[in-house]
Amino acid sequence: MGRLAGTARRRVASGGREMTAAQARVAEAVRVTTALKGHFFPTPTFREVQREFDLLLAERRANIEARRQRETRGLLLVGASGAGKTTLVEAVLRQHTTDLRMLSKEQEQADVISMKVPSPATPKGVGLAMLEALGYHLRRDRSAHIIWQLIKSQFAARQVLFLHLDEAQDFGQHNNRSDQYAVISTLKSLMQSPEWPVGLILSGMPRLLDLVNMDTQLARRLKPVEVHPLKASVDGRMIVSALRQYAVAAQVAVEDSLYTPRFVTRLVHASDYCFGILAELICEAIGQMLMAGEGELSEKSFVACYARRSGCPEGLNPFIAENFRAINVRELLQPAPGLGDIRRRA
Ligand SMILES: Nc1ncnc2c1ncn2[C@@H]1O[C@H](COP(=O)(O)OP(=O)(O)O)[C@@H](O)[C@H]1O
Ligand SMILES: [Mg+2]
């Protein structure tokens, strides 16, 4: 993680002639928070997925080189909303910007196609959305079978190695049992296509596991990786390290009390056991601290940023409440446009 606060601060100080001191402080805090949110923290799950993906890619390339069009394997990434799945897959693919081409209008070939499953995720609806992403506009009265045949030949023409489908649990959402089977057999047939098999990366909420497990052949081909709910006793060191790295990047001091199990346990609960939300809270707390003109990141900043994000009274603030474990933070933690937040959580 690089440092960013120094330059940001200077710019605000010299460029803020028209602003009052308070306005300049807010502008600086927002700028720092926005930049902090762009930092990716490599978690152990990220490293695991990265290793698995690199292996799959190497296997696929070796098979192509040996002219063995064997059926492919893939990955299944599951975790709660806010755990960091979308960000993780993006980060894994970013590691390959020089050797993997993403789908683009400029070039015919695409090594990876990554898309969010549209809702409702009927076999036909998803097929049409995929064709559209591939630059094809087909009449809606075509059958799902024809649509998917066309997709397969497009994949072969473009030599697509991997297809990433995010929010893939939606395949189970609005479909009846027979449509769910249809989706699953379509996905399986993509991996088994004799013409050009494509490796699947499916990511989504834990109920995606049940869907994939409906077909043992599909399940066998997908290596499952779970983004486990955070546990202060297990993940404490990683969380402390994230806290440290964000503070270094923002060039702010941290009160020692934040490195204690007492605080980390509260932070984990406040994040609903999800690393992505935890990282956002740290960034927003740093912004809060800068806005308040404080010299050190303390529990106070987390109390304030949580209150701001959830709009909850003190009694429901997990950084204050005695019985914080009883608080249902998921209800309170709606994805808020936090300080300078330009992205929305899926
Ligand atoms: N490893 C990470 N490092 C930094 N920020 C992260 C990380 N993982 C997730 N986030 C942040 O958490 C938020 C939620 O992550 P996201 O990938 O959308 O979760 P999910 O797809 O599991 O719902 C994102 O806005 C992202 O900025
Ligand atoms: Mg997501």
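Conventions adopted
- Residues numbered from 1 in each chain as written.
- Chains lettered and ligands numbered in written order.
- Predicted model: local features only at pLDDT ≥ 70, side-chain atom pairs only at ≥ 80, totals over all residues.
- Heavy atoms only, no water.
- Buried < 20%, exposed > 50% of the residue type's maximum accessible area, 1.4 Å probe, protein only.
- Helix = DSSP H or I, 4+ residues; strand = E, 2+ residues; numbered from the N terminus.
- Pairing = 2+ DSSP bridges.
- Right-handed = clockwise from strand over helix to strand, strands pointing away.
- Salt bridge = Lys/Arg side-chain N within 4 Å of Asp/Glu carboxyl O.

Q: Would you take a moment to explain the pairing of strand 3 (residues 162-166) for this structure?
A: Successive side chains on a regular strand alternate, one facing one side of the sheet and the next facing the other. Strand 3 sits mainly inside the fold: 5 of its 5 residues count as buried. Taking every second residue as pointing to the same face, both faces of strand 3 are buried, with Phe162, His164 and Asp166 on one and Leu163 and Leu165 on the other. In this sheet, strand 4 (residues 199-204) lies alongside strand 3 in parallel orientation, the contact comprising 4 bridges. Within strand 4, the position partnered with Leu163 by the bridge is Leu200. Running through helix 7 (residues 177-192), the crossover from strand 3 to the neighbouring parallel element strand 4 is right-handed.

Q: Would you mind going over the pattern of salt bridges with me for this structure?
A: One side chain can pair with another of opposite charge once the charged atoms of both are near each other. Within this structure, the stated rule accounts for 11 salt bridges. The shortest N-O distance in the salt bridge between Glu294 and Lys300 comes to 3.1 Å. Taking the relative accessible area as the measure of exposure, Lys300 reaches 54% and is therefore exposed. When salt bridges that share partners are traced, they join Lys37, Glu280, Glu284 and Arg309 into one network.

Q: Even after reading the chapter, I still don't get helix 11 (residues 261-270), so can you show me in this structure?
A: Spacing of three or four residues puts side chains on the same side of an α-helix, whose turn is 3.6 residues. Of all the 10 residues making up helix 11, 8 are buried; the element is thus mostly covered by neighbouring parts of the structure. Looking one or two residues beyond helix 11, the residue adopting positive phi is Asp272, at roughly 50 degrees.

Nothing here speaks to function; it is all geometry.
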